[in-house]
Amino acid sequence: MTPTIPLSAPDITEAEIDAVTAVLRTPHLSLGPELVAFESALASYHSVPHAIAVSSGTAGLHMALLTLGIGDGDEVIVPSFAFIAVANAVLHVRATPVFADIDPLTLNLTPATVERVLTPRTRAIIVVHTFGLPAEMFALRTLATHHNLVIIEDACEAIGAELDGRRVGSFGDLAVFGFYPNKQITTGEGGAVLAHTQGHADRLRSLRNQGRELQRQVFVDGVEGRNPNTAPIDETAKDVDWLHHPAIGFNYRLSDIACALGRVQLSRIGEILGLRRAAAERYHVLLGGIPGLELPSLTLPDKEISWFVFVVRLPETANRTRIQASLAQHGIASATYFAPIHAQPAWHECLTASPRLPVTESVGSRVLALPFFTRITSAQQEKVTFAIRKSLILNG
Ligand SMILES: Cc1ncc(COP(=O)(O)O)c(C=O)c1O
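Computed from a predicted structure; not experimentally measured.

Here's the deal with the state of the cysteines
Then, in step 1: As enumerated under the stated definition, the model contains zero disulfides in all.
Then, in step 2: Cys156 carries a free sulfur, and the closest cysteine sulfur to it, the one in Cys259, is 16 Å from it.
Then, in step 3: Owing to a relative accessible area of 0%, Cys259 belongs among the buried residues under this scheme.

The structure is reproduced here in structure tokens:
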């Protein structure tokens with residue numbers, strides 16, 4: 001049965017539909033002016049020099065690791081309480097993911113949990129801003145510098161979140177975003193990598209486009225909207241260049257149709273994040289008095305949360321499976337964000353020993369994501385509250 005209240009939903013207005021339609025009336029469906037405009041808007045929103053749009057957050061993580069030279073024999077510290085792509089991307093470059101535990105309040109890696117799993121082979125940390133709550137980037141950066149490590153910020157769940165007034169995505173050596181339709185803003189499928197140096201940006205742009213030579217990869221069919229961050233295109237050689245590949249790359253491009261959607265979504269991000277914060281505050285009022293139900297913090301010092309999901313923690317005694325079934329009977333979707341990666345069936349044969357992750361395991365067994373999206377109504381949230389209350393009485 002399709003739930004009447006979904007877990008997530010994109011917020012698409014006529015402006016997005018018009019922008020996408022306008023692209024379809026041009027011949028520039030890929031590597032066109034919308035790519036340039038979306039990348040410029042992303043870079044400027046984050047006050048970083050370079051943004052490279054890619055086909056997914058997973059593609060972004062893969063290329064970020066390659067760009068930073070992570071490979072065979074290297075260890076990369078990652079949270080297990082995260083989406084599986086975080087650890088899979090490390091395997092994709094033949095490095096070894098090493099799982100670190102999380103803080104029980106913020107659900108993020110901390111310097112202490114990272115330090116516990118450092119070895120002489122550690123080269124990088126992928127710091128996830130879990131559920132849109134910024135991780136302790138200043139302390140993690142100090143630790144990384146001390147041990148000569150690079151940091152990839154995984155901000156897939158956190159666009160617009162701030163730490164000390166600075167947006168996440170601007171702290172890491174590279175940062176990755178994802179724009180799947182459950183995210184705060186969407187491009188359908190898609191993602192982006194933020195970079196601080198021209199060298200990193202050039203490498204990322206080449207890798208995403210089959211290793212083509214940078215100067216010649218954008219606008220093979222015209223001059224219009226040329227990417228200002230690249231050297232001039234050699235127009236005379238364009239036919240040959242499309243089949244000239246100095247590097248081994250991928251097709252991780254993001255179409256202009258998707259970029260047009262993303263550009264308009266990004267222009268509305270203030271409104272979107274405001275509505276999501278209001279929805280989180282409403283859940284706090286509604287669910288606040290339910291005994292044993294732990295709610296996510298609404299505020300934390302020096303941090304601005306970008307509300308991605310609304311994840312509660314059930315009482316230890318509650319039967320989560322039955323609660324989910326009972327919510328489903330009311331037409332309400334829910335999900336167990338996150339089932340720890342190290343416990344996934346796909347990971348059984350990848351691990352030589354079970355990592356010690358007590359917080360991850362305890363939190364992982366109790367979390368429940370409730371319906372949460374930009375246009376969720378008070379009536380829908382009241383219905384969710386009624387169903388949770390009832391199912392906790394029966395199964396709590
Ligand atoms: C923390 C995190 N990293 C990476 C990804 C992967 O992004 P995508 O689904 O766009 O490949 C996600 C997706 O939900 C995520 O939440």
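Overview of the sheet that holds strand 8 (residues 174–178)
Backbone-to-backbone hydrogen bonds pair the strands of a sheet. The strands run either parallel or antiparallel.
Then, in step 1: Spatially, the seven strands line up as an open sheet ordered 1-9-8-5-4-2-3, and their pairing is mixed. Lying at the two open borders of the sheet, with one neighbouring strand each, are strand 1 (50–54) and strand 3 (96–100). The mean inter-strand angle of the sheet, taken between neighbouring strand axes irrespective of direction, is 25°.
Then, in step 2: Across five bridges, strand 8 lies against strand 9 (residues 191–195) in antiparallel orientation. By the bridge assignment for strand 9, Val176 is matched with Val193.

Structural notes on the domain arrangement of the protein
Then, in step 1: Splitting the protein by domain gives domain 1 (14–267) and domain 2 (270–395).
Then, in step 2: If you average the C-alpha positions of domain 1 and of domain 2, the two centres end up 27 Å apart.
Then, in step 3: Between domain 1 and domain 2, the buried area comes to about 2,900 Å², and carbon and sulfur atoms account for 67% of it.
Then, in step 4: For the pair domain 1 and domain 2, the number of links is one salt bridge.
Then, in step 5: Of the charged contacts in the structure, one is a salt bridge between Glu136 and Lys303, with a shortest N-O distance of 2.6 Å.
Then, in step 6: The interface formed by domain 1 and domain 2 holds 12 residue pairs in polar contact (both at pLDDT 80 or more) in total.
Then, in step 7: Among the secondary structure elements, those contributing two or more residues to the side of domain 1 that touches domain 2 are helix 4 (85–92), strand 3 and strand 6 (162–163).
Then, in step 8: Grouping the amino acids of the side of domain 1 that touches domain 2 by side-chain chemistry returns 23 nonpolar, eight polar and seven charged.

Digging into helix 13 (residues 378–395)
Then, in step 1: In a regular helix each residue adds 1.5 Å, so 18 residues correspond to 26 Å; helix 13 covers 25 Å between its end C-alpha atoms and thus fits that length.
Then, in step 2: Among all positions in helix 13, only Gln381, Val384, Thr385, Ala387, Ile388, Ser391, Leu392 and Asn395 are buried.
Then, in step 3: Buried-residue contacts for helix 13 involve helix 10 (269–287), helix 11 (320–329) and strand 12 (367–370).

Points about unusual backbone geometry
Then, in step 1: Omega for the bond connecting Tyr337 with Phe338 falls within 30 degrees of zero, at -10°, which places this linkage in the cis form.
Then, in step 2: By secondary structure assignment, the location of Phe338 is in the loop between helix 11 and helix 12 (358–364).
Then, in step 3: Here Arg94, not a glycine, exhibits a phi torsion of approximately 65°, which is positive.
Then, in step 4: Residue Arg94 is classed as exposed on the basis of its relative accessible area, which comes to 63%.

A closer look at the side chain of Arg268
Then, in step 1: Looking at the element boundaries, Arg268 is found in the loop between helix 9 (256–267) and helix 10.
Then, in step 2: On the basis of relative accessibility, which here comes to 10%, the residue Arg268 falls in the buried class.
Then, in step 3: When near neighbours in sequence (up to four residues on either side) are disregarded, Arg268 contacts Asp11, Thr13, Glu16 and Arg375.

Focus on the site of the ligand
Then, in step 1: In the neighbourhood of the ligand, the contacting residues comprise Ser56, Gly57, Thr58, Leu61, Phe83, Val86, Val128, Asp154, Cys156, Glu157, Lys183 and Gly190.
Then, in step 2: Within the backbone of Gly57, one N or O atom sits 2.8 Å away from an oxygen atom of the ligand.
Then, in step 3: Separating an oxygen atom of the ligand from a side-chain N or O atom of Thr58 is a distance of 2.5 Å.
Then, in step 4: Burial of the ligand by the protein amounts to 92% of the accessible area it has alone, namely 390 Å².
Then, in step 5: Here the element with the most residues in the shell around the ligand is helix 3 (residues 57–67); it accounts for three residues.
Then, in step 6: Per-class residue counts for the shell around the ligand are five nonpolar, four polar and three charged.

The rules behind these values
Residues numbered from 1 in each chain as written. Predicted model: local features only at pLDDT ≥ 70, side-chain atom pairs only at ≥ 80, totals over all residues. Heavy atoms only, no water. Disulfide = S-S within 2.5 Å. Buried < 20%, exposed > 50% of the residue type's maximum accessible area, 1.4 Å probe, protein only. Pairing = 2+ DSSP bridges. Helix = DSSP H or I, 4+ residues; strand = E, 2+ residues; numbered from the N terminus. Axes fitted to C-alpha atoms, helices over the stretch in contact; angles between N-to-C directions. Domains from an automatic or database assignment. Buried area = accessible area lost by both parts, 1.4 Å probe. Salt bridge = Lys/Arg side-chain N within 4 Å of Asp/Glu carboxyl O. Polar contact = N/O pair within 3.5 Å; in protein donor to acceptor, adjacent residues only side chain to side chain. Nonpolar A, V, L, I, M, F, W, Y, C, P; charged D, E, K, R; others polar. Expected span 1.5 Å × (residues − 1). Contact = heavy atoms within 4.5 Å. Near = heavy atom within 4 Å. Areas by Shrake-Rupley, 256 points an atom, 1.4 Å probe, with all protein chains shown as cover.

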